[in-house]
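# Examination of the molecular architecture
The primary structure of each chain is shown beneath.
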Amino acid sequence: MLVIANLLMSAKTHSQAGKSEKNPSSPSAQSVQAFLGRWDLTLEAPDREYPSWLELDQESGQLKAQMVSRWGSARPLPKVELSNGRLTFVSPKEEEDRAEDMVFEGTLVGKTLSGTTTGPDGTAWQWIGRRAPALKGKSVPKWGKPIQLFNGKDMSGWRMDGADTSVWKVEDGNLLSPGNGPELINDSKFEDFKLHVEFNCAANSNSGIYLRGRYEVQIETDSIEEPPSHHMGGVYGFLAASPELSRKPGEWQSFDITLVGRWITVVQNGQTIIDNKEIPGITGGALDSYEELPGPIYLQGSEKGHVAYRSIVITPAEK
């Protein structure tokens, strides 16, 4: 009897040991929960910083991720894992324009998610993630006085970002994008605002209006085969225009955009196409990922073709 009792005790101990060995590699619901949600990322390359964005979710016990990397739009990732408190996620090489997948590894310490990845040449990069702010709960803004951002004569109050040889010009009272040139960034920064912009998009052309320098509202006549959120009036990669209005290359049109926190309304030519929708995160081409801070209006000049802008008027919310 004593021998049998010892054998049973030994089996029980061995079984418990087996369970304890498996637990570390299979994260508890509590440990996973700490990683879930939206993260504003900054990738630190040797020559510059790249803003980025990550959202982690869990579906049927499986960890899921979507990401805005150094460029492009939000997209689901093919691999994300959490093991022993270490997060690994992969951005495919096809999306990163490189020979190998871009593998991110990191850990969570306090409220900061940080880790390493590699650049296209194999150089080690650091990255850091902060919880994306909710940017909600604000009362209805009291609007201030309208401000003309473009004087119709020159580019006073604007600067070009990039060393491209092609440049923005003022012709016949209009701002004209160069096509595959620099971005055009306003000197002032804003938090919540209403923005009126009039634009004329040539055929097979592309530009965009970046709100706070982080959220692009699309202006294009060349993306009909791309996803709906890449079409005219969409918030790139996140929100599609509904209804989507007919394309009008070569004709003057208008946007009236209201941005409060991360909630946006877009009115195109007098018709509402996005009605108080939440923007989940920064879009590709953002100047930075510090969503809690005011930022500038900037006009995209790096895409092809030509887009003309005239009346650009912003009405900021009073503090």
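See the structure above.
Residues numbered from 1 in each chain as written. Predicted model: local features only at pLDDT ≥ 70, side-chain atom pairs only at ≥ 80, totals over all residues. Heavy atoms only, no water.

## With respect to the sheet that holds strand β1 (residues 37-44)
- Strand order in the open sheet formed by nine strands is β4-β3-β2-β1-β9-β8-β7-β6-β5, with antiparallel pairing between adjacent strands. A strand with exactly one partner marks an edge of an open sheet, and here the two such strands are β4 (75-76) and β5 (79-83).
- Across eight bridges, β1 lies against strand β2 (residues 49-59) in antiparallel orientation. The partner of W39 across the bridge, within β2, is L54. (Pairing = 2+ DSSP bridges. Helix = DSSP H or I, 4+ residues; strand = E, 2+ residues; numbered from the N terminus.)

## Regarding the pairing of strand β17 (residues 215-220)
- The element β17 is extensively covered by neighbouring structure, given that six of its six residues are classed as buried.
- In this structure, strand β16 (residues 206-211) lies alongside β17, joined through six bridges in antiparallel fashion. If you follow I209 over to β17, its bridge partner there is V217.
- Hairpin geometry of β16 and β17 is characterised by an intervening segment of three residues between the two adjacent antiparallel strands and by a positive phi of about 55° at R212. (Buried < 20%, exposed > 50% of the residue type's maximum accessible area, 1.4 Å probe, protein only.)

## Focus on the nonpolar core
- In terms of nonpolar packing, the biggest core is built from 42 residues, with L195, I209, L211, F255, I264, Y309 and I312 touching the most fellow members.
- When residues of this core are traced back to their parent elements, those giving at least two are β15 (193-201), β16, β17, β18 (252-260), β19 (263-268), β20 (271-278) and β22 (307-316).
- It is β15 that provides the largest number of residues to this core, a total of five residues.
- The next biggest cluster of nonpolar side chains, apart from the first, holds 23 residues, and it includes L56, V80, F89 and L113. (Core = buried A, V, L, I, M, F, W, Y, C linked by side-chain atoms within 4.5 Å.)

## Some remarks on the pattern of salt bridges
- Scanning the model with the defined rule gives 12 salt bridges in all.
- Taking the shortest distance from any N to any O, the salt bridge between R70 and E96 comes out at 2.8 Å. With R70 in the loop between β3 (62-68) and β4 and E96 in helix α3 (residues 93-96), this residue pair connects regions lying 26 residues apart in the sequence.
- Under the relative-accessibility criterion, E96 is labelled buried at 1%.
- Note that R262 is salt-bridged to E291, the shortest N-O span being 3.0 Å. Here the residue R262 occupies a position in the loop between β18 and β19, and E291 occupies one in the loop between β20 and β21 (298-299), the gap between them amounting to 29 residues.
- Each of the salt bridges in this network shares a partner with another, and the network as a whole consists of R70, R75, E95 and E96. (Salt bridge = Lys/Arg side-chain N within 4 Å of Asp/Glu carboxyl O.)

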